[in-house]
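Spelled out, the chains give:
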Amino acid sequence: MTWWSPLQSACQAEGHQGYEPWWLVPDLVTRNGCHTFMASLKQHKAIGEDLWKGRTDKINAELFALTYGALVVQLIQDYEDYAEVNTQLEKMGYNIGCRIVEDFLARSGLGRCNDFREVGEVVAKVGFKAFLNITPTVTHSAPAAPVPSSRPPSGLNPAASSTSAGTYFTLALDDNPLAEFVELPDEALEGGLWFSNVLCGVLRGALEMIQMQVEVYFISDVLKGDETTEIRVKLVKYLEEEVPVGDD
Amino acid sequence: MSLPSQQGGYRPSISTSSLITPSLLALTDSPSSQSQIDASVQDYLLIELVHSLRRSSQVARDRLQKREDEMLANGLLTSTAVAASTLAAGQVSAGLGSKTSLRGLSAAAGATANVSVTEEEEAIRVRLEALGAHVGANLAERYVVHTPSVEATESSSQSLSADRGRFTDTLDVIKFLCKDVWTAVWDKQIDNLRTNHRGVYVLQDNAFRPILRISSADGPADSLKRAKIHTAFPAGLLRGALARLGLQGVIIAEIPSLPQCTFQVKLPKGT
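Please read these numbers as outputs of a predicted model, since none were measured by experiment.

Asks: When you look at the interface of chain A and chain B in this model, what are you seeing that I'm missing?
Replies: Interface size is commonly expressed as the accessible surface area that is lost when the partners come together. Contacts between the two partners involve 36 residues from chain A and, on the opposite side, 38 residues from chain B. For the pair chain A and chain B, the summed buried surface comes to about 3500 Å²; carbon and sulfur atoms form 59% of the total. Counting the surface chain A buries against chain B, the share from its top three residues, I59(A), L63(A) and D78(A), is 18%. Viewed at the interface, chain B and chain A are joined by 6 salt bridges. Remark: the boundary between chain A and chain B carries 15 residue pairs in polar contact (both at pLDDT 80 or more). Where the side of chain A that touches chain B is concerned, the elements lending two or more residues are β1 (58-60), α3 (61-79), α4 (82-108) and α5 (116-132) of chain A. At 14 residues, the largest contribution of residues to the side of chain A that touches chain B is made by α3(A). Residue composition of the side of chain A that touches chain B, by class: 17 nonpolar, 8 polar and 11 charged. Strand direction decides the pairing type here: β1(A) and strand β1 (residues 36-38) of chain B, joined by 3 bridges, are antiparallel. Paired with K58(A) across the two strands is D38(B), which belongs to β1(B).

Asks: Honestly, the sheet that holds strand β2 (residues 192-195) of chain B in this entry has me stumped. Any pointers?
Replies: Strand pairing in a sheet relies on backbone hydrogen bonds, with the paired strands running either antiparallel or parallel. Residue and element names in this part refer to chain B. The 4 strands are arranged β2-β3-β5-β4 in an open sheet whose pairing can be described as antiparallel. Looking along the sheet, the strands with just one partner apiece sit at the ends: β2 and β4 (250-254). Geometrically, the sheet is characterised by an average inter-axis angle of 15° between neighbouring strands, direction not taken into account. Pairing geometry for strand β3 (residues 200-205) and strand β5 (residues 261-266), over 6 bridges, is antiparallel. Across the sheet, V202 pairs through a bridge with Q264, a residue of β5. Sheet strands in contact with helix α8 (residues 170-186) are β2, β3 and β5, and its direction is about 15° off that of β3.

Asks: Sorry, what's going on with the side chain of D78(A) here?
Replies: Tracing the backbone through its elements, the reader meets D78(A) in helix α3. Setting aside its immediate chain neighbours within four residues, D78(A) contacts S56(B), S57(B), V59(B), A60(B), R63(B) and R127(B).

Asks: What exactly am I supposed to notice about the pattern of salt bridges here?
Replies: Opposite charge on two side chains permits pairing when their charged atoms draw close. Tallying each qualifying case throughout the model produces 20 salt bridges over all chains. Close ionic contact of R107(A) with D38(B) constitutes a salt bridge, the shortest N to O distance being 2.9 Å. Separated into two different chains, R107(A) in helix α4 and D38(B) in strand β1 make up a pair that spans both. One salt bridge connects R209(B) with D43(B), and the closest N-O pair in it is separated by 2.9 Å. Here the residue R209(B) occupies a position in the loop between β3 and α9 (220-228), and D43(B) occupies one in helix α2 (residues 39-73), the gap between them amounting to 166 residues. Among the charged side chains, a salt-bridge network with shared partners connects E49(A), K53(A) and K129(A).

What counts and what doesn't
Residues numbered from 1 in each chain as written. Chains lettered and ligands numbered in written order. Predicted model: local features only at pLDDT ≥ 70, side-chain atom pairs only at ≥ 80, totals over all residues. Heavy atoms only, no water. Contact = heavy atoms within 4.5 Å. Buried area = accessible area lost by both parts, 1.4 Å probe. Salt bridge = Lys/Arg side-chain N within 4 Å of Asp/Glu carboxyl O. Polar contact = N/O pair within 3.5 Å; in protein donor to acceptor, adjacent residues only side chain to side chain. Helix = DSSP H or I, 4+ residues; strand = E, 2+ residues; numbered from the N terminus. Nonpolar A, V, L, I, M, F, W, Y, C, P; charged D, E, K, R; others polar. Pairing = 2+ DSSP bridges. Axes fitted to C-alpha atoms, helices over the stretch in contact; angles between N-to-C directions.

Printed below as a string of structure tokens:
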């Protein structure tokens, strides 16, 4: 039962010696919803920390920032159009996201999330922490009435709530590892360049691989002179599991 | 940034450490204590970078081609002038040399397909090397100026050339590359360093990280071919690092067999 171990260690770390481990499993209907939710918040953080600490290959974030920055400069030179550069960065992120989610699921061993709210928590506390060693703050939208038709018949937890289309969460990044040495020139500011747009693509690609179609976009960016760097992830719909043609 | 000796011979060595407040010091921490991220993120980025640059270099070339066509159509340029300007522009933007797809020549040669594929590879390679050079130069600077072995207060105020005294000769610089730079970027050291003592060094890595996990559906020969483009960024990185440390070298990367990779560093005579 090795799958239990990160949850058990998180549980023990919190001092919850007496609880049985079954209620920590994210995709089972729980008795005490409130308790579980509070515990799961801390549990995600602990999982994220564990994943980060357990990782042996780490590199200097500057290297990454330098590489990315040089790439953006080259793309601007090639495309000469900031909107196009935004699209290309997002596309690049999408491809990276598709791969990175596999890596993430393999390493974290997390099961399905109950609802979109939990997706936000996992993305911020486990995902970002495990890969970029940052924990953006998550704020959720007010849950709207659930729309059953948008959910596939199989798979998702029937006890889930706030999974309607249009639900969103916002990630506020305190420090953006990509933008370490960056200052945008006036033309880039006027042209509307979202420097870290690759992150939007990564999120979109990763979530699409786990059957969620989302719209991800920047709301504000410190590089543009705003107060904070914020990314909004809005749920469009859940995707049906498709059987590949000719496979049955 | 050295303190001007306004006081003449009154106090010959005035320490500048009082100028470095704790908050400033926190900003200039050494590379080893700086923020880190997962190495796989960089790997994914580098892979996608190649695809992205392939698309963007195509776009850039198409645009250049279109501009020439327009100029030709408007009679602003004759076709020979186009050839010359394409050559010049090509060398500036993509460093192509004799393989530029000059419209007249390529049509006449009839080998348009071959020429443009090589040209495309060249364009990507040049871009990757330029990217690598930028990263390598900055990396070398950070690692030479801000290593923990040098005094924290002094190092941040010294210029790069003053610190250059750390490297007594070329071999030291190469060893710095083999150990510190390789570890910083690929988490391991070079496995084998050879030299002919006449300015040529061969750095061999038996499990080179960027090409470690490449496999192709068309067999090992194809994998090797595809792996070549991923050595462009590292080659550029080495070139940039060397250049920033004062050595102008030519780097040639070769893959004798996956995942081994050798980098031949040719330094000009006299170094």
